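An overview of the molecular structure
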Amino acid sequence: MWSRTVDRIRPRTALRWLLPAAWPVRLVFWAAAAATLLVAAASAQPAIALAVLTLITHDVFGLWASFAIHELGHAIVLRRAPGVSALTLERTPLRLSVTPHGSIRGRDAFFAAVLGPLCCVAIGTLLWALVPQSLLHIWYLAHGIFLTPLFSDGRTMLRSARAWRAWLPLRGPAP
């Protein structure tokens, strides 16, 4: 697990947080993709190579990029919220997360919870309008499900909407 408490999100820190995300899954995927590309090249099968390159595109620009944008959306709003003294950026082998420290107004917590998925939905809508045949928009539009109460973004959104003007203490370790 990688964890860093920051008062500002610098590009280098953001890259160290985001790039190695879900490395066990990505390692298996990239090893399988490389082996399949070698087999496709050795057997002169351009259709297989094209299919693998499409999967790689979806891995990088769909799966990974959508979650990176989602978490950065949360982090940017939280960092600008009055009362938030620091953020802890965490990366486990299968998860990215951002934890604020201090206190936050309900409305700021609401916008932080909504903005992560909403950034992805906006990009997904744009991709759908511009390049629907790529199917990359599906990865981004799927982030809308995080606004339901089944997920922490949706629960935070509902809880903070009820406390719109109140200051909410933030759980998390001291910075």
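Structure report, in brief. (Residues numbered from 1 in each chain as written. Predicted model: local features only at pLDDT ≥ 70, side-chain atom pairs only at ≥ 80, totals over all residues. Heavy atoms only, no water.)

1. Details of the packing of aromatic side chains
Aromatic ring pairs: the centre-centre distance and the angle between the two ring planes describe each pair. This model, assessed by the stated rule, comprises six aromatic pairs. Seen from their ring centres, F67 and F146 are 6.0 Å apart, and the 75° between their planes marks the pair as edge-to-face. Here F67 is found in helix α3 (residues 46–80), whereas its partner F146 is found in the loop between α5 (137–141) and α6 (152–162), with 79 residues between them in sequence. For F67, a relative accessible area of 35% corresponds to the partly exposed category. Its relative accessible area of 18% is what places F146 among the buried residues. Note on F110 and F111: the rings are 5.6 Å apart at their centroids and 80° apart in plane angle, and the pair reads as edge-to-face. For F111, a relative accessible area of 42% gives the class partly exposed. Through a chain of ring-to-ring contacts, the aromatic side chains of F67, F146 and F151 assemble into a single cluster. (Phe/Tyr/Trp six-rings, centres within 6.5 Å; stacked < 30°, edge-to-face > 60°. Helix = DSSP H or I, 4+ residues; strand = E, 2+ residues; numbered from the N terminus. Buried < 20%, exposed > 50% of the residue type's maximum accessible area, 1.4 Å probe, protein only.)

2. Here's the deal with the nonpolar core
By size, the foremost hydrophobic cluster in this structure holds 18 residues, and its most contacted members are W17, L78, L87, L89, V98 and I104. Residue assignment for this core shows that the elements contributing at least two residues are β1 (2–6), α1 (11–18), α3, β2 (84–92), β3 (95–105) and α4 (106–130). For this core, the element with the most residues is α3, which contributes four residues. In this structure L89 touches W2, S3, R4, V6, T13, W17, S97 and V98, once residues within four positions along its chain are discounted. (Core = buried A, V, L, I, M, F, W, Y, C linked by side-chain atoms within 4.5 Å. Contact = heavy atoms within 4.5 Å.)

3. Structural notes on the side chain of H58
Structurally, H58 is set in helix α3. A relative accessible area of 14% places H58 in the buried class. A distance of 2.9 Å separates a polar atom in the side chain of H58 from a polar atom in the side chain of W139. With near-sequence residues (within four places) excluded, H58 lies in contact with L63, S134, L135, L136 and W139. (Polar contact = N/O pair within 3.5 Å; in protein donor to acceptor, adjacent residues only side chain to side chain.)

4. Some remarks on the side chain of H74
Along the chain, H74 falls in helix α3. Using a relative accessible area of 7% as the deciding quantity, one classes H74 as buried. Apart from residues lying up to four places away in sequence, H74 is in contact with V98, A112, A113, G116, P117 and D153.

5. Things to note about the environment of L96
By the element assignment, L96 lies in strand β3. Along the chain, L96 and A51 lie 45 residues apart, while their C-alpha atoms are 28 Å from each other. Every residue in contact with L96, bar those within four places of it in the chain, is listed here: W17, L18, A21, F67, E71, E90 and R91.

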